[in-house]
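# Chain and residue survey
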Amino acid sequence: GLVHALADVMLHQPPSWLSVHSAIHFIPMPSTRHRLQQRGFNLSDWLCRRLIRRRFTRAHVLHVLQGQEERTPQSQLRRDQRWANMANAFVPDPKAKSQPRLGTCVLVDDVMITGATLMAAATCLQECGVSDLQVWVLARTPAPHEPSP
């Protein structure tokens, strides 16, 4: 299906820092209740699972983030409003507190627009004890001052 094709796009040019031989943890960006109701699934979680099945067989999916509360969807906000909207947006999943010290973790998301959501998630993951965090997104929208490819 579509998730397989999207994961294949990601695998076509994986980041140079990502080794298929490493024992790493893939952390999907959590979806809001609203987004889950719209889609019926968490795309980031599906991407993580597909990436592991296709190439990163020693990796694991970890669900260590929770959204703290429902917020205005980022897609409805201007770029400058998105950072404030994501302040303290995530908390560690209660089960994450019992995780042993984590090695390399890869935060996976479908789209990065301003980076506000990813930064909020990364801050929370650092509080969970993640010391080596990388981010891998399927697509990134250019900033208004950046030329389109």
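Right, let's walk through the structure included here. (Residues numbered from 1 in each chain as written. Predicted model: local features only at pLDDT ≥ 70, side-chain atom pairs only at ≥ 80, totals over all residues. Heavy atoms only, no water.)

What the protein contains, in helices and strands, is five helices and six strands. Going from the N terminus to the C terminus, the protein shows its helices and strands as α-β-α-α-β-β-α-β-β-α-β. Counting across all 149 residues of the protein, residues that qualify as buried make up 38%. Here the contacts in the protein between residues at least 6 apart in sequence split such that 78% fall between residues at least 24 apart. When the accessible area of the protein is evaluated, it comes to approximately 8800 Å², of which 51% is carbon and sulfur surface. (Helix = DSSP H or I, 4+ residues; strand = E, 2+ residues; numbered from the N terminus. Buried < 20%, exposed > 50% of the residue type's maximum accessible area, 1.4 Å probe, protein only. Contact = heavy atoms within 4.5 Å. Areas by Shrake-Rupley, 256 points an atom, 1.4 Å probe, with all protein chains shown as cover.)

On to the sheet that holds strand β6 (residues 132-140), then. Reading across the sheet, the four strands line up as β2-β1-β5-β6 and stay open at both edges, with parallel pairing between neighbours. At either margin of the open sheet sits one strand with a lone partner, and together these are β2 (60-61) and β6. In this fold helix α1 (residues 2-12) packs onto β5 (104-112) and β6, with an angle of close to 120° to the strand it touches most, β6. (Pairing = 2+ DSSP bridges. Axes fitted to C-alpha atoms, helices over the stretch in contact; angles between N-to-C directions.)

With that settled, the discussion passes to the packing of aromatic side chains. This structure, assessed with the given rule, holds three aromatic pairs. An angle of 50° between the planes, with centres 5.4 Å apart, marks the rings of phenylalanine 26 and phenylalanine 56 as tilted. One end of the pair, phenylalanine 26, is in strand β1 (residues 25-28); the other, phenylalanine 56, is in the loop between α3 (43-54) and β2, and 30 residues separate them in sequence. Neither residue differs from the other here; phenylalanine 26 and phenylalanine 56 are each classed as buried. Ring centres of phenylalanine 41 and tryptophan 46 lie 4.3 Å apart, and the angle between their planes is 20°; this geometry places the pair in the stacked category. Residue class for phenylalanine 41 comes out partly exposed when judged on its relative accessible area of 23%. (Phe/Tyr/Trp six-rings, centres within 6.5 Å; stacked < 30°, edge-to-face > 60°.)

A word on the pattern of salt bridges. Following the criterion strictly, the structure yields four salt bridges and no others. Aspartate 110 is the partner of arginine 39 in a salt bridge, and the nearest nitrogen-oxygen pair spans 3.1 Å. Linking arginine 39 in helix α2 (residues 33-39) with aspartate 110 in strand β5, this pair joins segments that are 71 residues apart in sequence. The class for aspartate 110 is buried, based on a relative accessible area of 12%. A salt bridge links aspartate 45 to arginine 49; the nearest nitrogen and oxygen atoms lie 3.1 Å apart. Taken together, the residues aspartate 45 and arginine 49, both in helix α3 and four residues apart, mark about one turn of the helix. Taking the relative accessible area as the measure of exposure, arginine 49 reaches 36% and is therefore partly exposed. (Salt bridge = Lys/Arg side-chain N within 4 Å of Asp/Glu carboxyl O.)

Turning next to the pairing of β5. Where β1 lies against β5, four bridges are found, and the strand directions are parallel. Looking at β5, one finds that histidine 25 is bridged to cysteine 105. With eight bridges joining them, β5 and β6 adopt parallel strand pairing. Pairing of valine 111 across the sheet is with alanine 139, part of β6.

Its twelve residues give helix α5 (residues 116-127) an end-to-end C-alpha distance of 17 Å, which sits within 8% of 16 Å, the value for a rise of 1.5 Å per residue. Looking only at α5, the buried set comprises Ala116, Leu118, Ala120, Ala121, Ala122, Cys124 and Leu125. Residues of α5 that are buried sit in contact with β1, β3 (65-67), α4 (79-85), β4 (90-92), β5 and β6. Looking one or two residues past α5, glycine 129 carries a phi angle of roughly 100°, positive in sign. (Expected span 1.5 Å × (residues − 1).)

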